Amino acid sequence: MPNKVIHLWTDGSSINSGENVGCGGHGYVLLYGDFADVDLNTKYCDDSHTLTGWGSATDTTNQREEMKALISALKRIKNHDILITVFLDSAYVKNCMEQRWYDKWRLNGWKNSKKEPVANKDLWEELIDIVESNMLFIKYVKVKSHTNVYYNELADQFAKKGLDEARYGVDE
């Protein structure tokens, strides 16, 4: 009997210097199927079981866009009783969620270990609420960016599409 799961590939992109500083975008690829023994470096899911998306922002950072990619994609998942494997290149997001840094942040009034306000609190609260209120079971896998992994590159292309939308005001 097949074991259906969700694979979610996310990426964020932003410009941190020059005239377009603060422009950013995020992208994701959601896959549904039985992915036992697939080669993660290749296209392994039929397009009919794939959802994609992207978004854009100004006055943003790469980390914010990484988080927005994950939030946007998780909002599209309707079946909450299924394993979700998130593939991302952000150690920041992966470590926070896996190591539950947010538990201490909440206890400390959203202050980090240096007693400073937690960066991106608004997005952390939104992400945590989505995960907790839907009781999502998520496994996080850190991947290297720009290593020709098919779905990671595809998520990157969508993030860049969002970035172009922010930078030029058009959907190219």
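How each quantity is defined
Residues numbered from 1 in each chain as written. Predicted model: local features only at pLDDT ≥ 70, side-chain atom pairs only at ≥ 80, totals over all residues. Heavy atoms only, no water. Salt bridge = Lys/Arg side-chain N within 4 Å of Asp/Glu carboxyl O. Buried < 20%, exposed > 50% of the residue type's maximum accessible area, 1.4 Å probe, protein only. Helix = DSSP H or I, 4+ residues; strand = E, 2+ residues; numbered from the N terminus. Pairing = 2+ DSSP bridges. Axes fitted to C-alpha atoms, helices over the stretch in contact; angles between N-to-C directions. Contact = heavy atoms within 4.5 Å. Polar contact = N/O pair within 3.5 Å; in protein donor to acceptor, adjacent residues only side chain to side chain. Core = buried A, V, L, I, M, F, W, Y, C linked by side-chain atoms within 4.5 Å. Expected span 1.5 Å × (residues − 1).

Engineer: Explain the pattern of salt bridges to me, and be specific about the residues and the numbers.
Structural biologist: All told, the structure shown has ten salt bridges when counted by the stated rule. Taking the shortest distance from any N to any O, the salt bridge between K43 and D47 comes out at 2.9 Å. The partly exposed category is assigned to K43, whose relative accessible area is 43%. Judged by relative accessible area, D47 falls into the exposed class, the value being 51%. Across the pair R167 and D164 runs a salt bridge, and its minimum N-O distance is 3.4 Å. Here the residue R167 and the residue D164 both occupy positions in helix 5 (residues 150-168), the gap between them amounting to three residues, near one helical turn.

Engineer: Would you mind going over the sheet that holds strand 4 (residues 83-88) in detail, with residue names and values included?
Structural biologist: What the five strands build is an open sheet, ordered 3-2-1-4-5; its pairing is mixed. The outermost strands of the open sheet, each flanked by one partner alone, are strand 3 (50-57) and strand 5 (137-142). Across the sheet, the mean angle from the axis of one strand to that of its neighbour is 20°, orientation sign disregarded. Where strand 1 (residues 5-14) lies against strand 2 (residues 24-33), ten bridges are found, and the strand directions are antiparallel. Looking at the pairing, H7 lines up with L31 of strand 2. Across the sheet, helix 1 (residues 62-76) touches strand 1, strand 2, strand 3, strand 4 and strand 5, and the angle it forms with strand 1 is around 150°.

Engineer: Which residues make up the side chain of K68, and what are the values?
Structural biologist: Considering the arrangement of structural elements, one finds K68 in helix 1. A polar atom in the side chain of K68 sits 3.1 Å from the side chain of E65. When residues no more than four places from it in sequence are discounted, the contact partners of K68 are H26, A57, T60 and L123.

Engineer: Could you give me a rundown of the nonpolar core, with the residues and numbers involved?
Structural biologist: In terms of nonpolar packing, the biggest core is built from 30 residues, with L8, L74, I84 and W124 touching the most fellow members. Broken down by secondary-structure element, the contributors of at least two residues to this core are strand 1, strand 2, helix 1, strand 4, helix 2 (91-99), helix 3 (101-107), helix 4 (121-133) and strand 5. A per-element tally of this core places helix 4 first, with six residues. Filtering out sequence-adjacent residues up to four positions away, L8 remains in contact with Y28, V29, L30, L70, A73, L74, I84, T85, V86 and F87.

Engineer: If you had to explain helix 1 to someone new, which residues and values would you point to?
Structural biologist: Side chains that are three or four residues apart share a direction in an α-helix, a result of its 3.6 residues per turn. For helix 1, which comprises 15 residues, the first-to-last C-alpha distance of 22 Å matches the rise-based estimate of 21 Å (1.5 Å per residue) to within 8%. All buried positions along helix 1 are accounted for by R64, E65, E66, M67, K68, A69, L70, I71, A73 and L74.

Engineer: Which residues make up unusual backbone geometry, and what values do they have?
Structural biologist: With a phi close to 50°, M135 is a non-glycine residue in the positive phi region. Even without a glycine there, the phi angle at H146 is positive, about 55°. Among the secondary structure elements, H146 is positioned in the loop between strand 5 and helix 5.

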